[in-house]
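The residues making up each chain are set out below.
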Amino acid sequence: MVQAQTVDKHEVKEQAKAGSKLLTGAVAGAVTGAAIVLLNKQTRQKVFQNVGVAKDTVVSFVKDAKQDPQGTKEQVMSKVQDATELAKDAANDVKNVYDKAQNEIMSSVNDVQEDSKSALGTVKEAKDDLKNAGSKAKEASNKLMETKPDSAPSNPMTKPKNEGNGGSVEQKSQPINKTTTTPTTKTTPPTPNNKQSI
């Protein structure tokens, strides 16, 4: 237990030395930086002017405070209150700008969502219309195939055989000239406001 206390004291001393070295290094760095900055004549003159102005302001304030302590106190309080009011106004302005921007963004997001839903609905309607057109075309094709006569050869270039003579005598047949017309439908894509069906 005695060793633990000794170790703790030793660590504290080392930490104090490290902290002391850090503080010494920071002070040395600040002094070095200030010295380097002050090497430039223009910078040095500007620093001395600013220090002079600050000194005059402080001296004037102290002088006024000594002559009229109550008036100086009221001036300081008035300036603090004015600064507080300005800060509150600025905060309210920032809040209003944020709320306005948020409302505009949300409005834009809602508009995009509605437009997307409308476009999706239009695509679904077009898909359904295309399915209907496809099924009607298939139905028309099936009807054309049903109306084809059974006695007509599948290929008009082949000659049918006469079954009454045992199939030994062939008759020349004239090619059948059938003209069929397929109905054509004109489809226009539906618009969101004007739905058309096929």
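What this report covers is the structure whose coordinates are included nearby. (Residues numbered from 1 in each chain as written. Predicted model: local features only at pLDDT ≥ 70, side-chain atom pairs only at ≥ 80, totals over all residues. Heavy atoms only, no water.)

## Things to note about the pattern of salt bridges
- Counted under the stated rule, the structure contains 1 salt bridge.
- Ionic pairing is found between D99 and K95, a salt bridge with its closest N-O pair at 3.1 Å. Here K95 and D99 lie together in helix α3 (residues 69–146), a separation of 4 residues that amounts to about one turn. (Salt bridge = Lys/Arg side-chain N within 4 Å of Asp/Glu carboxyl O. Helix = DSSP H or I, 4+ residues; strand = E, 2+ residues; numbered from the N terminus.)

## Side note on α3
- With 78 residues, α3 extends 114 Å between its outermost C-alpha atoms, agreeing within 8% with the 116 Å of an ideal straight helix rising 1.5 Å per residue.
- Considered for burial, the residues of α3 that qualify are G71, T72, T122 and D129.
- Structurally, α3 contributes buried residues whose contacts are with α2 (41–67). (Expected span 1.5 Å × (residues − 1). Buried < 20%, exposed > 50% of the residue type's maximum accessible area, 1.4 Å probe, protein only. Contact = heavy atoms within 4.5 Å.)

## Considerations on a nonpolar patch on the surface
- A cluster of nonpolar side chains, V58, F61, V62, V76 and V80, forms an exposed patch at the surface whose accessible area comes to about 400 Å².
- Elements with a contribution of two residues or more to the nonpolar patch: α2 and α3.
- When residues in the nonpolar patch are grouped by element, the largest group, 3 residues, is from α2.
- For V76, the location among the structural elements is in helix α3.
- The class for V76 is partly exposed, based on a relative accessible area of 34%. (Patch = residues over 30% accessible without salt bridge, like charges linked within 9 Å, V, L, I, M, F, W, Y side chains within 5 Å. Areas by Shrake-Rupley, 256 points an atom, 1.4 Å probe, with all protein chains shown as cover.)

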